[in-house]
Structures are given as structure tokens and as C-alpha cells.
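Descriptive analysis of the structure
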Amino acid sequence: MADIVNVGMNLDAFSQAINAIQALRSSVTRVFDSLKDGMKNKETLEVREKGFISEFQDNLQAVNRDVNELERLSTLVGRPSESHPLHNSGLLSLDPVQDKTPLYSQLLQAYKWSNKLQFHAGLASSLLNQQSLKRSANQMGASAKRRPKVQPSTLVLPPQYVDDVISRIGRMFPEMTIELFRPNGTSAVLLVTLGKVLKAIVVMRSLFIDRTIVRGFHEDVYSEDGKLDIWSKSNYQVFQKVTDHATTALLHYQLPQMPDVVVRSFMTWLRSYIKLFQTPCQRCGKFLQEGLPPTWRDFRTLEAFHDTCRQ
Amino acid sequence: MSRCRDGIRTVLRRALKVPWRFNRRWWVRRTCVCSVCQVPVLEGKSVQQTVDMLHRQLEQLGAMKQGSFWVDCETYHTTGTASGQPSKLLYVMHNSEAPLSCTALFEGGPCLMADGNFDVLMVKLKSHFQNAKGHKVESRGARYRYCDFLVKLGTVTMNSSARGISVEVEYCACVVPGDCWNLIKEFIQSFLGPNVPELPSVFATKAEGLFVPADAVDTMTQYLELFGKVRKQQVLQGASVR
């Protein structure tokens, strides 16, 4: 900032220096003009040569004088600062009409924001690399909670590929039957029947799980008109709770680069409900709490807990 | 055919306030796991006092009262069989959960679920099955809901005198008795205390084992067993009085 102020104070020196440059240019031009014109037509050769040499010397002395003058002035002007953080854009602050063109303050603001953005992006990328299988991380607070934008390229997987992935997963778990429907266009809807415990409807968008709803084994999954009922919730509180937990699991398992891994992890997690009514809570050791069996399954260990016992 | 029946059923269901479970596909008659047991009358207290105490305990637990229920059972003797064969018993039972149906259980033999006008048919079959008039047993009482549990607390009456208490606990979310028996046991323990029943024999004696879905006949069989016990008690009491 101090440099800018100095430059502002030496504006006179600037104009003098500019004049000196012009003088230097014209004197240099004169040198070459006289060289170009050659010797003037005088009586004798001797006089001619003398006259030419003295004119050339005069011209060169004028150039020398102008160069000296410019050098003197340039020390007065001083060097433009290169250590300013905004480099030459810092000179924008010299604009005397701040109100009309507040460029400099806007520039500073933009600079601050871009710095911040870079910092946060760095943090976010390191966090996301650590927890690549999750869609959210409870412990990380608000910044990591936002769901990363899904790459559009993975949204247009061919239906054949989706069928393959699903049938492979179906073969992995013998106690789970997966039926695949495509009621509207290419998006698949899976009807997962888990033993004689529950039925889950999983609505897919390409290979991303969009929504899931869990109902009892003996509840209807088809609506009155024979279509798969993907909206109405279960009549039983235990399955309403399981539906909530399954939605949490959808947000938890996330890996945009490998969507098939996500579907497989989700199905592995869902399979742990095969013993929904048979396993006591791993913390309190009881079957019931407020009339409900342990409905929560840990995402990593798949252990059963009551909703209130899991913390 | 089935759709048409469903339509009529739906109308009747609304008129008679049939529980929702019989709304769709009533003829499939899938039901949930339920356990029927007899609660001993507390010493020095009457049947009614014991029932009131159980009501209080259920309400303390947070159960909501949801209407009432009844289950009844009529006994028929076979008549006019070939000589030398002992006469067999046929039980015809009704349950308020399925008010349009009735269950007929032949002693030690097959059972069937039929429409309500099976009773009329029995009148027509008078020459083969005779109604044992004094043997009508029924259980009436309140119906409670607690989360996915349905509790029916009834007073068993025979010839209009109270003989015992029945408790039916149904876990509606599960269809496989072997899966959720521990769960039901824990729930019964929470309001009946230590006298928890064993796994009902209907489930244990099934050929396919514990892991087949329960059905409505299982419930009725359990009630029949309970009514049989109550009848025997009466006989014993009668004998001891003599």
C-alpha cells in the first residue's frame, strides 16, 4: 500500500519522465536522420567532413544528455512494487471515483471467497476420500452432510447391466428373493422378499437406490389395481421403524463411482433382518422395548439394537 | 368371481365393522402368531376382580382399549353312526375377528373354515349331529392394542357362569411362530408375571415344524383346548363337591 501512495505523490516525476522519453526519442531520431542525409554540400571536402562530424557529435551529446535526464527522473519515480498481493490489479485502488466503479473492493471480496472455497474444497475432498462408502457422516457436522452430486454418466447405465447386477446379488443371498419390475420406462423396482419376515420394495434409478419401503411378510405389496404399491406404508409399527432405518441406510452407503457395490452393501445390511424377531438387543439383552423388537442394525457389524439402545 | 365376492365382503365388512385384516383376500385367511392361555384366578379373589386387575396392568403398560371380542364354541354329538362306533364330537366355533365365518373342528380329525350360514346347515344335519345344549362355552371381554400386539382378555363362561380367564396375545407383525415366540413370551411376562405359558402345542406338533406360517385354525384350536380344560375343571370341582 505504501508503494502505491509513493507513486501517487510522484505523479509530477512521472510526467517529466514521459517528457524525457519523448525528448530521447526525438534526439535519437535526429541522429539517424543526420546519418541518413549524409554530408552536406559544402565547398571543400574537409569542411564537409568537419561539419558532418561536429553535427553527429552534437546529436550524440543530445542523446547522452537525454538518457542522463531519464535516468535521473527514473530514480525519482521509483520501481512499481511487485510484492503487492494483487500485483498490478492493486493499482485499481488508485481509481479516485470509488463510488461509481467499486472494482477494487469487489475484487478483494472475490479473492477472499475464492480462497475460502479452495480451503473448504480441500477439506471436503480429504473427508470424502476417507469415507468413500458413506453418503453422510454424522460426526462431521453440516459441511459433509450434503449429498454429493451424482455423476450423470452413471445414470444412464443400460438396463441389461442393471439386470445382471441385481441377479448376481440375488444369487449371493439364498434366503432373499429379488423380483425385478420395470413399471415405468427403464427405472427398475425391486421386490425383495426376505425369508418369511418382510418384504421390501426398492425403487431404483439406474443403479442408485431412490426409495425403499418395508412391509410385513403377509401384507399386500400390490394395490387394488394389481400394480406394485410403492407408496403406502406398513400397518405395523415395527416395519414402519424398519423403513425409517432402511432410508437411513440408503443415505449411509454411498460410492458414486461404484454403484453396484452400494446396492450390494445395502442388500447385505437388509439381509440382517432375517432374524428381526429372533435376536435380542445386543445392549440391553431384551427382545422388546416399548413394544418393538430391536429394529436397528449397525451398518458395519450388523448387530441388532433397539432404536434407543444404539447410541 | 373372487373380485365380486370381495365387493360384497367389503360392504358387509363396513356394515359389521370387521377388522381390517379381513379386508382384502379374506379367503386366504392368513393370520398372525397368537397364543391363547388360561390365567389362574388369584386366591381369595373372584374372576371379575382378577380380570379388573389385569385390565389395570395392561393400561399401565400403555395398551389402548380397542373394542371387545367374543369366541364361542358349540358341541355336537354324532348320532346314527354304525353300531359299535363310539360317538364323536364336533365343535363349531365363532370368532368376532371373523364374524362372517365359522370354524368346525372334528374331534381328532379335520377342521374347516366355512361361511357363517354353516350353522343353518348344522340344523339341517340334525339327524347326524345333535347339539349338546348345556355345553356352550364362550369367552367375552375387551380387546387391547399395544404396538403390534393384540391382547384379548376374556372371561370364560359356561352356562352363564364365569369359569375362568382367557388371555390371547397376538403378534400381528410376524407369521412364523418359531420366530417370535420369545418375543411374545417376554411380552406376556410383562403383564402376567412369572406364569408364562409354554409354546402352544398346535405349533409344536405341526408336521412342518415351527417355521411355517400360522393360520386362523391354530387360534381356534387353542381356544378349544382352553375350553376343554375349563370343562374338565368343572367336572373335577363337581366331583370334589360330591
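Structure report, in brief. Computed from a predicted structure; not experimentally measured.

1. Remarks on the packing of aromatic side chains
- With the rule as written, the count across this model stands at 15 aromatic pairs over all chains.
- Relative to Phe239 of chain A, the ring of Tyr236 of chain A has its centre 6.4 Å away and its plane inclined at 65 degrees; by these criteria the two rings are edge-to-face.
- Chaining the aromatic ring pairs together yields one cluster made of Tyr236, Phe239 and Phe277 of chain A together with Tyr146, Phe149, Tyr171, Phe187 and Phe191 of chain B.
- Looking at Lys199 of chain A, its charged tip hangs above the ring of Phe217 of chain A, at a distance of 5.4 Å from the centre.
- Over the aromatic face of Trp296 of chain A sits the side chain of Arg310 of chain A, whose NZ or CZ is 3.9 Å from the ring centroid.

2. Details of the interface of chain B and chain A
- Taken residue by residue, the interface counts 25 residues in chain B and 21 residues in chain A.
- Both faces considered, chain B and chain A share a buried interface measuring about 2200 Å² in area, 56% of it formed by carbon and sulfur atoms.
- Summed over the shared surface of chain B and chain A, the number is zero salt bridges.
- At the boundary of chain B with chain A, the tally comes to eight residue pairs in polar contact (both at pLDDT 80 or more).
- With six residues, helix α4 (residues 177-192) of chain B is the single largest residue contributor to the side of chain B that touches chain A.
- Taken together, the residues of the side of chain B that touches chain A sort by class into 16 nonpolar, one polar and eight charged.

3. Side note on the pattern of salt bridges
All names here are of chain A.
- The tally for this structure, following the rule as stated, stands at 13 salt bridges over all chains.
- Between Lys36 and Asp33 there is a salt bridge whose closest N-O contact spans 3.7 Å. Linking Lys36 with Asp33, this pair stays in helix α2 (residues 11-37), spanning three residues, or about one helical turn.
- Given the relative accessible area of 63%, Lys36 is considered exposed.
- Classification of Asp33 by relative accessible area gives partly exposed; the value is 34%.

4. Considering the nonpolar core
- Counting residues in hydrophobic clusters, the biggest one holds 79 residues, and the most contacted among them are Met267 and Phe277 of chain A together with Tyr171 of chain B.
- Of the residues forming this core, the biggest block, eight residues, is contributed by α4 of chain B.
- Beyond its immediate chain neighbours, meaning those up to four positions away, Met267 of chain A contacts Ile169, Phe173, Met176, Ile178, Leu190 and Val192 of chain A.
- If you look at the next biggest cluster of nonpolar residues, it comprises 19 residues, including Met158, Tyr223, Leu224 and Val230 of chain B.

5. With respect to the pairing of strand β2 (residues 64-78) of chain B
- Note: β2 of chain B against strand β7 (residues 137-146) of chain B, eight bridges, orientation antiparallel. Among the inter-strand pairings, Phe69 of chain B is bridged to a residue of β7 of chain B, identified as Gly141 of chain B.

6. What to know about the sheet that holds strand β1 (residues 176-181) of chain A
All names here are of chain A.
- If you trace the four strands from one edge of the open sheet to the other, you get β1-β2-β3-β4, paired in antiparallel fashion. Pairing within the sheet leaves two strands with one partner each, and these edge strands are β1 and β4 (208-216). Strand-to-strand twist across the sheet, computed as the mean angle between neighbouring axes with direction ignored, equals 20 degrees.
- Sheet strands in contact with helix α8 (residues 259-271) are β1, β2 (189-194), β3 (198-205) and β4, and its direction is about 30 degrees off that of β2.

7. Section: unusual backbone geometry
- Despite not being glycine, Ser206 of chain A has its phi angle at roughly 55 degrees, a positive value.
- Its location among the elements puts Ser206 of chain A in the loop between β3 and β4.
- Positive phi, close to 55 degrees, is recorded for Ser160 of chain B, a residue that is not glycine.
- Relative to the helices and strands, Ser160 of chain B is located in the loop between β8 (149-158) and β9 (161-171).
- Look at Ser160 of chain B and you get exposed, because its relative accessible area is 76%.

Calculation criteria
Residues numbered from 1 in each chain as written. Chains lettered and ligands numbered in written order. Predicted model: local features only at pLDDT ≥ 70, side-chain atom pairs only at ≥ 80, totals over all residues. Heavy atoms only, no water. Phe/Tyr/Trp six-rings, centres within 6.5 Å; stacked < 30°, edge-to-face > 60°. Lys NZ or Arg CZ within 6 Å of the ring centre and 35° of its normal. Contact = heavy atoms within 4.5 Å. Buried area = accessible area lost by both parts, 1.4 Å probe. Salt bridge = Lys/Arg side-chain N within 4 Å of Asp/Glu carboxyl O. Polar contact = N/O pair within 3.5 Å; in protein donor to acceptor, adjacent residues only side chain to side chain. Helix = DSSP H or I, 4+ residues; strand = E, 2+ residues; numbered from the N terminus. Nonpolar A, V, L, I, M, F, W, Y, C, P; charged D, E, K, R; others polar. Buried < 20%, exposed > 50% of the residue type's maximum accessible area, 1.4 Å probe, protein only. Core = buried A, V, L, I, M, F, W, Y, C linked by side-chain atoms within 4.5 Å. Pairing = 2+ DSSP bridges. Axes fitted to C-alpha atoms, helices over the stretch in contact; angles between N-to-C directions.

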